[in-house]
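Chain by chain, the residues:
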Amino acid sequence: LRARDIENIGHGPLYRRLQTAIKAVIDDGILKVDDALPSERDLANELGISRVTVRNSMRALVEEGVLVQRHGAGTFVAPRVEQALSRLTSFTEDMITRGMNPGAVWIEKTLGHASPEEAMALNLSPGTEVTRLRRLRTANEKPMALEYAVVPRAFLPSPEEVEKSLYDALAKYGKKPERALQRLRAELFDGETAKILGVPDGSAALYIERRSFLANGTPVEFTRSYYRGDSYDFIAEMQVDA
Ligand code: GLP
């Protein structure tokens, strides 16, 4: 990272440009997961800028989830989550497996009627009662994804049943999904979703749509999620045809 790199990056206050420059260094793989960043003082000296500016950029990057501060040890590139595509698991399980604390910030928890799109996805007649759950999913307080789940009311009588985990709530009624179809595609966070996730407007998102089914093939869930493109790697194992 050189002073020149920061001058050439975009507009806006210096700390924002330094923030962008540090992110670029990480995106280019020059700084990798768990690598330590130089100390505030070293970086400020090297770039000929104030420590306050460096501190502000670092703080913004910690808030964004790009860096983590470890007490007494310094600042490091935050780990990305690696998620297998072949196993049907819940967000809660995924985070617990990684030793992280799953959390949710509720945006919507209501009963409603299936829209034509939802009805089609869930194999219901339009207008059938459904439970709608919209929440920000967090791991160790860091925002990870925005999820919007729709479940037929027949399987989840009240949205209040879901305290934390949707799959745990479904399991209580013996309706935990056993199979799922998933579609992934690249999108960009728009202003509103970016704000909820605390990432810059227009940053990369991975849109994931999941339809999950009971063992007998009945659809139980239609979920549309936006995962942070800067925090997730999706991994799949592949084999040649037999
Ligand atoms: C993942 C899936 C969702 C699913 C959720 C259940 O996030 N993308 O489709 O609804 O897991 O997780 P939990 O049981 O923690 O609510």
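Fair warning: this is a prediction, and the values are worked out from it, not measured in the lab. (Residues numbered from 1 in each chain as written. Predicted model: local features only at pLDDT ≥ 70, side-chain atom pairs only at ≥ 80, totals over all residues. Heavy atoms only, no water.)

Undergrad: How should I be thinking about the overall build of the protein in this particular structure?
TA: The secondary structure content of the protein amounts to eight helices and ten strands. The principal-axis extents of the C-alpha atoms in the protein amount to approximately 65 × 45 × 30 Å. Within the protein, the fraction of its 242 residues that count as buried is 41%. The contacts in the protein between residues at least 6 apart in sequence include a share of 57% that link residues at least 24 apart. Surface accessibility of the protein: about 13400 Å² in total, with carbon and sulfur atoms responsible for 50%. With 33 positive and 35 negative side-chain charges, the protein shows a spacing of 2 Å between the two charge centroids. (Helix = DSSP H or I, 4+ residues; strand = E, 2+ residues; numbered from the N terminus. Buried < 20%, exposed > 50% of the residue type's maximum accessible area, 1.4 Å probe, protein only. Contact = heavy atoms within 4.5 Å. Areas by Shrake-Rupley, 256 points an atom, 1.4 Å probe, with all protein chains shown as cover. Lys, Arg positive; Asp, Glu negative; His and termini not counted. Charge placed at Lys NZ, Arg CZ, Asp CG, Glu CD.)

Undergrad: Mind showing me how you'd approach the site of the ligand here?
TA: Around the ligand there are 15 residues in total, and Thr92, Glu147, Ser165, Leu166 and Glu221 lie nearest to it. Contact distances for the ligand include 2.9 Å between an oxygen atom and a side-chain N or O atom of arginine 137. One nitrogen or oxygen atom from the main chain of tyrosine 167 is found 2.9 Å from an oxygen atom belonging to the ligand. The fraction of the free accessible surface of the ligand (390 Å²) that becomes covered by protein chains is 99%. Those elements that provide at least two residues to the shell around the ligand are α5 (91–97), β5 (129–139), α7 (166–172) and β9 (219–228). (Near = heavy atom within 4 Å. Polar contact = N/O pair within 3.5 Å; in protein donor to acceptor, adjacent residues only side chain to side chain.)

Undergrad: In this structure, what is going on with the packing of helix α2 (residues 14–27) against helix α4 (residues 51–64)? I would like to understand it.
TA: Helix-helix packing: each pair is described by the crossing angle between the helix axes and the interaxial distance. The contact between α2 and α4 brings their axes to 8 Å, and the two run at 55°. Considered as vectors, α2 and α4 are oriented oblique to each other. For the element pair α2 and α4, the recorded crossing hand is right-handed. Between α2 and α4, the residues in contact are Leu14, Tyr15, Arg16, Leu18, Gln19, Ile22 and Lys23 and Thr53, Val54, Asn56, Ser57, Ala60, Leu61 and Glu64, respectively. (Axes fitted to C-alpha atoms, helices over the stretch in contact; angles between N-to-C directions. Parallel < 35°, antiparallel > 145°, perpendicular 65-115°, else oblique. Left-handed = near helix turned anticlockwise from the far one by under 90°.)

Undergrad: Where do I start with the packing of aromatic side chains in this structure?
TA: Both the distance between ring centres and the angle between the ring planes are used here to describe each pair of aromatic rings. For the coordinates displayed, the defined rule picks out five aromatic pairs. Between tyrosine 227 and tyrosine 232, the ring centres sit 4.7 Å apart and the planes meet at 80°, which makes this aromatic pair edge-to-face. A residue is classified by how much of its surface remains accessible, and tyrosine 227, at 11% relative accessible area, is buried. Geometrically, the ring pair formed by tyrosine 232 and phenylalanine 234 is stacked, given 5.4 Å between the ring centres and 15° between the ring planes. Three or more aromatic residues link up through ring pairs in this structure, and these residues are Phe189, Tyr207 and Tyr226. Of note, arginine 70 hangs over the ring of phenylalanine 76, and the distance from its end group to the ring centre comes to 4.7 Å. In this structure, arginine 179 is placed above the aromatic ring of phenylalanine 213, and the distance from its NZ or CZ to the ring centre is 4.6 Å. (Phe/Tyr/Trp six-rings, centres within 6.5 Å; stacked < 30°, edge-to-face > 60°. Lys NZ or Arg CZ within 6 Å of the ring centre and 35° of its normal.)

Undergrad: Would you take a moment to explain the nonpolar core for this structure?
TA: Nonpolar side chains in soluble globular proteins tend to end up buried together. Counting 18 residues, the largest nonpolar core has Leu18, Ile22, Ile26, Leu37, Val54 and Leu67 as the members making the most contacts within it. For this core, the leading source of residues is α2, giving five residues. Contacts of leucine 67, omitting those with residues within four sequence positions, involve Ile26, Leu37, Met58, Leu61, Val62, Thr75, Phe76, Val77 and Ala78. Of all hydrophobic cores here, the second largest spans twelve residues; its members include Ala149, Phe155, Val162 and Leu170. (Core = buried A, V, L, I, M, F, W, Y, C linked by side-chain atoms within 4.5 Å.)

Undergrad: Got a minute to help me understand the sheet that holds β5 in this structure?
TA: Strand-to-strand pairing in sheets goes through backbone hydrogen bonds, with the strands running parallel or antiparallel. In space, the six strands of this open sheet follow the order β4-β5-β6-β9-β8-β7, with antiparallel pairing throughout. The open sheet has two edge strands, β4 (102–113) and β7 (179–188), and neither has a second partner. Ignoring strand direction, the axes of neighbouring strands in this sheet form an average angle of 15°. (Pairing = 2+ DSSP bridges.)

Undergrad: Can you walk me through α2 in this structure?
TA: An α-helix turns once per 3.6 residues; consequently, residues spaced three or four apart project the same way. An ideal rise of 1.5 Å per residue puts 20 Å on 14 residues; α2 measures up with 20 Å between its terminal C-alpha atoms. When α2 is considered as a whole, its buried residues turn out to be Arg17, Leu18, Gln19, Ala21, Ile22, Val25 and Ile26. Residue glycine 29 follows α2 closely and has a positive phi angle near 80°. (Expected span 1.5 Å × (residues − 1).)

Undergrad: Looking at this model, I keep getting lost on the confidence of the model for the protein. Mind explaining?
TA: Parts of the prediction with low pLDDT should not have their coordinates interpreted in detail. Summary statistics for the protein give a mean pLDDT of 91 and a share of 99% for residues scoring 70 or more. Considering each helix and strand of the protein separately, the mean pLDDT is smallest for helix α1 (residues 3–8), with a value of 70, and largest for β9, with 97. (pLDDT = per-residue confidence, 0-100.)

Undergrad: What exactly am I supposed to notice about the environment of glycine 217 here?
TA: Along the polypeptide, glycine 217 turns up in the loop between β8 (204–213) and β9. Since its relative accessible area comes to 35%, glycine 217 is described here as partly exposed. Spatially, the C-alpha atom of glycine 217 lies 9.4 Å from that of proline 177, the residues being 40 residues apart in sequence.

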